[in-house]
Amino acid sequence: MRILTVLILSTFALVGCGGSDGGSGNNSTSHNGSSVSNGGSSERPTTEGGGQTTGGSSGSGSTGTGTGTGSNTGGTDQAGAGESNQSLADEMLAAVNAARAQGQTCGSTWMPAVGPLTWDATLEQTAFLHSSDMANYDYFSHTGLDGSSPSQRVTEQGYNWKTVGENIAAGQKTVSAVMQGWLKSEGHCRNIMNGSFTQMGAASDTNSGSTYGIYWTQVFASPK
């Protein structure tokens with residue numbers, strides 16, 4: 001909470017996040033495609049969306065072996081492993097591709113339908129490591145505690161990218177709830193609907209002792 005308090009800005013907009021988590025949204029402020037929480041709890045989820053990064057990277061390869069969606073590390077609560085990881089991955093990919101197939105209004109801009117994404121294990125591992133870091137160290141930011149950016153984290157996992165984007169959220173209990181929140185927020189929605197992305201990975205991690213309880217990360221990219 002003390003980290004989130006530092007991020008209070010002067011302009012406020014409501015980001016609604018319904019679903020089975022029971023939350024009705026929290027005060028947040030938007031800038032550069034990102035919404036930064038300035039309060040709330042695990043019952044009042046929040047989201048933050050990062051703009052995509054374009055350019056090159058020093059990583060190599062576009063696949064990996066990491067799987068971790070819904071897993072736990074350290075003192076976090078077990079949220080599922082094995083088959084449940086695959087189930088959550090399948091549900092998230094299906095939800096994203098369904099949104100892309102229909103087209104979406106992101107903020108005040110209509111984003112036409114774009115092609116489906118494929119799942120990438122390296123991007124999933126990248127997402128899990130960031131979700132786990134936020135859950136274990138109780139913070140909410142695109143910037144890791146080591147100062148890393150989304151594109152740097154993707155590169156560190158060995159993915160050779162030409163575009164990268166990241167969405168994060170906290171407090172939502174289900175894929176449906178977190179997707180609903182992201183699609184209602186312009187920056188996140190634009191990442192989901194970005195036709196330059198061809199692959200994605202996503203993960204959540206939980207820690208009952210943290211501010212929001214559960215932390216979500218989506219990573220989008222296209223390989224070189």
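Counting of residues starts from 1 at the beginning of each chain's written sequence and follows it residue by residue. Residues qualify for local features only when their pLDDT is at least 70, as the model is predicted, and side-chain atom pairs are given and counted only at 80 or more; totals for whole chains, interfaces and linings, by contrast, use all residues. To get the side-chain values, all heavy atoms of the structure are used, and hydrogens and water are removed first.

### Remarks on the side chain of Gln104
Inference 1: Numbering goes from the N terminus for both helices and strands, where a helix is a DSSP run of H or I of at least four residues and a strand is a run of E of at least two. For Gln104, the location among the structural elements is in strand β5 (residues 104-106).
Inference 2: Among the polar contacts listed, one links the side chain of Gln104 to the backbone oxygen of Ala99, at a separation of 3.2 Å.
Inference 3: Throughout, a residue-residue contact means that at least one pair of heavy atoms, one from each residue, lies within 4.5 Å. Not counting chain neighbours up to four residues away, the residues in contact with Gln104 comprise Ala99, Thr109, Trp110, Met111, Leu183, Cys189 and Met193. Nitrogen and oxygen atoms within 3.5 Å of one another constitute a polar contact, given that in protein one can donate a hydrogen and the other can accept it, and given that sequence-neighbouring residues count only through two side-chain atoms.

### Digging into the packing of aromatic side chains
Inference 1: Only the six-membered ring of Trp is used, alongside the rings of Phe and Tyr, when aromatic pairs are assigned; centres must lie within 6.5 Å, and planes under 30 degrees apart are stacked while those over 60 apart are edge-to-face, with the rest tilted. With the rule as written, the count across this model stands at three aromatic pairs.
Inference 2: With a centroid separation of 6.1 Å and 50° between ring planes, the pair formed by Phe140 and Tyr212 is classed as tilted. Taken together, the residues span a long stretch of sequence, with Phe140 in the loop between α3 (121-137) and α4 (150-156) and Tyr212 in the loop between β9 (199-206) and β10 (214-223) at a distance of 72 residues. For the residue pair Phe140 and Tyr212, the accessibility class agrees, reading buried in each case.
Inference 3: Taken together, a centroid distance of 6.1 Å and an interplanar angle of 85° make the contact between Tyr212 and Tyr215 edge-to-face. Each of the two residues, Tyr212 as well as Tyr215, counts as buried.
Inference 4: Taken together, the aromatic side chains of Phe140, Tyr212 and Tyr215 make up a single cluster linked through ring pairs. The classification of residues rests on relative accessible area computed with a 1.4 Å probe and restricted to protein chains. Under 20% of the type maximum is buried, over 50% is exposed, and intermediate values are partly exposed.

### Quick notes on the pattern of salt bridges
Inference 1: Any carboxyl oxygen of Asp or Glu within 4 Å of a side-chain nitrogen of Lys or Arg constitutes a salt bridge here. Throughout the structure, instances matching the rule amount to two salt bridges.
Inference 2: Across the pair Glu166 and Arg153 runs a salt bridge, and its minimum N-O distance is 2.9 Å. Taken together, the residues Glu166 in strand β8 (residues 161-170) and Arg153 in helix α4 connect sequence positions 13 residues apart. Arg153 carries the same exposure label as Glu166, and that label is buried.

### What about the pairing of β9?
Inference 1: Burial within β9 is extensive, with eight of its eight residues counted as buried.
Inference 2: Side chains Gln199, Gly201, Ala203 and Asp205 project from β9 onto one buried face, and the interleaved Met200, Ala202, Ser204 and Thr206 project onto a second face that is buried too.
Inference 3: Two strands make a pair as long as DSSP finds a minimum of two bridges between them. Inspection of the sheet shows strand β7 (residues 118-119) paired to β9 by two bridges, in the parallel sense. Its bridge partner being in β9, Thr118 is matched across the sheet by Gln199.
Inference 4: Note: β9 against β10, eight bridges, orientation antiparallel.

### Looking at the nonpolar core
Inference 1: Here, nonpolar core means buried Ala, Val, Leu, Ile, Met, Phe, Trp, Tyr and Cys residues that are tied together by side-chain atoms lying within 4.5 Å of each other. Counting residues in hydrophobic clusters, the biggest one holds 22 residues, and the most contacted among them are Met92, Val96, Trp182, Ile192, Met200 and Trp216.
Inference 2: Broken down by secondary-structure element, the contributors of at least two residues to this core are α2 (83-102), α5 (175-184), α6 (186-192), β9 and β10.
Inference 3: At five residues, the largest contribution of residues to this core is made by α2.

### A word on the state of the cysteines
A covalent bond between the sulfur atoms of two cysteines is what we call a disulfide.
Inference 1: Cysteine sulfur atoms that pair up within 2.5 Å are treated as a disulfide. Evaluated as defined, the whole model comprises one disulfide.
Inference 2: A sulfur-sulfur distance of 2.0 Å marks the disulfide that ties Cys106 to Cys189. As the torsion about the S-S bond is roughly -60°, the Cys106-Cys189 disulfide counts as left-handed. One end of the pair, Cys106, is in strand β5; the other, Cys189, is in helix α6, and 83 residues separate them in sequence.

### Describing unusual backbone geometry
Inference 1: In the Ramachandran plot, Asp138 falls in the positive-phi region, its phi being about 55° despite a non-glycine side chain.
Inference 2: Tracing the backbone through its elements, the reader meets Asp138 in the loop between α3 and α4.
Inference 3: Overall, Asp138 belongs to the partly exposed group, its relative accessible area being 25%.

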